[in-house]
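If you want the building blocks of each chain, they are given just below.
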Amino acid sequence: MRKTILILALVASGCATSTPPQVQPQQQCNPGHALLNATVWVQSSAEYRAAVLGTWTSARRALDAALADPSWNVEEGTSDPAQPPAIILDADETVIDNASYEARVIKAGKSYDAETWKQWVSESAARAVPGAAEFLAWAKSRGVTPFYITNRDHPEEAEGTLRNLQNLGYPLDPNVDTLLLRGERPEWKSDKGSRRAHVASSYRVLLLFGDDLNDFANARDKSAAEREEIVRSNASRWGTQWFMIPNPMYGSWERAITAGTGTPCEQVQKKVDSLRP
């Protein structure tokens, strides 16, 4: 009994004199972590692959319907039905998977910056978005020419981008410039409308593919409400003429929240503040 009382006394004494747990200081913002969950989802989840493969499968059916209908044209009023058929695709996160670049900056505790991005482009090491190679090969076999309209910069990023597309086995016409970069012509700015019109001047454009609203309409610097209106007013096009590839990692949607201003950590806080209960 004494032994038991002694033990209890020692335990009580130890509890009373032990140092209370220290409150951990608030961690500094790591802008790379803002990309973490989205990048892991793209790289590792079966759900991402299922969503993307479903998009390409739907696009096959739509392309069959488009080829059978001479009046089918997503760039209305600009193409002649007798012109050869084409499709227009964005590059990054639509047919080129840059999640490995995102993983690189996350591990470095950073976010996107021009220097690391240009290094990545020069490596031509990006993988194919799941299902993209198979869809593009099938479209090419049907006599459809793919055009890649990207806001990668000309001329700095032209060579690396072209080599990456070649490495992935994507169809490229040796006699036609089908890789249209930002700045390749003076009028080819971030808005892709002028480049889509360029393609439509010689081809009947059947389908559009992208991961960002700007791949389909000019949504640059639009408010969140204005962007929603673009989606709503084109509701009948989604999944029939316009095909969105999921990209939760980055996009022009961020500017509607952050206005593109502030440090990376300040932008992270703006996103936190935008959350709705």
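The structure presented is a predicted model; accordingly, all values stated were derived computationally and were not measured. (Residues numbered from 1 in each chain as written. Predicted model: local features only at pLDDT ≥ 70, side-chain atom pairs only at ≥ 80, totals over all residues. Heavy atoms only, no water.)

*Asks:* I would appreciate a short explanation of the overall build of the protein chain in the present structure.
*Replies:* Helix and strand counts for the protein chain stand at 11 helices and seven strands. Expressed as a percentage of contacts within the protein chain between residues at least 6 apart in sequence, the contacts between residues at least 24 apart total 77%. Total accessible area computed for the protein chain in this model is approximately 15200 Å², and 55% of it derives from carbon and sulfur atoms. (Helix = DSSP H or I, 4+ residues; strand = E, 2+ residues; numbered from the N terminus. Contact = heavy atoms within 4.5 Å. Areas by Shrake-Rupley, 256 points an atom, 1.4 Å probe, with all protein chains shown as cover.)

*Asks:* Help me out: how do you make sense of the side chain of Asp211 in this one?
*Replies:* Within the secondary structure, Asp211 sits in the loop between β6 (204–210) and α9 (224–233). Lys192 provides the closest opposite charge to the buried, unpaired Asp211, separated from it by 6.3 Å. A distance of 2.7 Å separates a polar atom in the side chain of Asp211 from a polar atom in the side chain of Asn247. In this structure Asp211 touches Asp90, Asp92, Glu93, Thr94, Met244, Ile245 and Asn247, once residues within four positions along its chain are discounted. (Buried < 20%, exposed > 50% of the residue type's maximum accessible area, 1.4 Å probe, protein only. Lys, Arg positive; Asp, Glu negative; His and termini not counted. Salt bridge = Lys/Arg side-chain N within 4 Å of Asp/Glu carboxyl O. Polar contact = N/O pair within 3.5 Å; in protein donor to acceptor, adjacent residues only side chain to side chain.)

*Asks:* It is not clear to me how the confidence of the model for the protein chain should be interpreted in this structure. Could you clarify?
*Replies:* The predicted model of the protein chain has a mean per-residue pLDDT of 89, with 89% of residues at 70 or higher. Note on residues 1–26: pLDDT is under 50 here. Beyond four places in sequence and across chains, it has zero contacts. (pLDDT = per-residue confidence, 0-100.)

*Asks:* Sorry if this is basic, but what is going on with the pairing of strand β5 (residues 179–182) here?
*Replies:* Every other side chain in a regular strand lies on the same face of the sheet, so the side chains alternate between the two faces. Note that strand β4 (residues 145–153) and β5 share four bridges and pair parallel. In the sheet register, Tyr148 faces β5, and the bridge partner there is Leu179. Between the parallel elements β4 and β5, the chain passes through helix α7 (residues 158–167) in a crossover that is right-handed. (Pairing = 2+ DSSP bridges. Right-handed = clockwise from strand over helix to strand, strands pointing away.)

*Asks:* I keep staring at the state of the cysteines and nothing clicks. Help me out?
*Replies:* Each disulfide is one covalent bond, formed between the sulfur atoms of two cysteines. In total, this model carries one disulfide according to the counting rule given. Residue pairing for Cys29: its cysteine sulfur links by disulfide to Cys265, the two sulfurs lying 2.3 Å apart. As the torsion about the S-S bond is roughly -95°, the Cys29-Cys265 disulfide counts as left-handed. With Cys29 in the loop between α1 (2–17) and α2 (36–44) and Cys265 in helix α11 (residues 264–274), the pair connects residues that are 236 residues apart, well separated along the chain. Of the residues examined, Cys29 reaches a relative accessible area of 37% and is grouped as partly exposed. The class of Cys265 is partly exposed, set by a relative accessible area of 28%. (Disulfide = S-S within 2.5 Å.)

*Asks:* Which parts of the structure should I look at to understand the packing of α2 against helix α4 (residues 99–107)?
*Replies:* For any two helices packed against each other, the geometry comes down to the angle between their axes and how far apart the axes lie. It is at 10 Å that the axes of α2 and α4 come closest, and there the two elements cross at 145°. As for the relative orientation of α2 and α4, their crossing is left-handed in sense. Contacts between α2 and α4 pair Leu36, Thr39, Val42 and Gln43 from the former with Ala99, Ser100, Glu102, Ala103 and Ile106 from the latter. Residue classes in the contact of α2 with α4 are distributed as five nonpolar, three polar and one charged. (Axes fitted to C-alpha atoms, helices over the stretch in contact; angles between N-to-C directions. Left-handed = near helix turned anticlockwise from the far one by under 90°. Nonpolar A, V, L, I, M, F, W, Y, C, P; charged D, E, K, R; others polar.)

*Asks:* So what exactly am I meant to see when it comes to the packing of α4 against helix α5 (residues 114–123) here?
*Replies:* The N-to-C vectors of α4 and α5 enclose an angle of 140°; their axes lie 11 Å apart at closest approach. The pairing of α4 with α5 is recorded here as oblique in orientation. Where α4 crosses over α5, the handedness of that crossing is right-handed. Residues Ser100, Tyr101, Arg104 and Val105 of α4 lie in contact with α5, whose contacting residues are Thr116, Trp117, Trp120 and Glu123. Grouping the amino acids of the contact of α4 with α5 by side-chain chemistry returns four nonpolar, two polar and two charged. (Parallel < 35°, antiparallel > 145°, perpendicular 65-115°, else oblique.)

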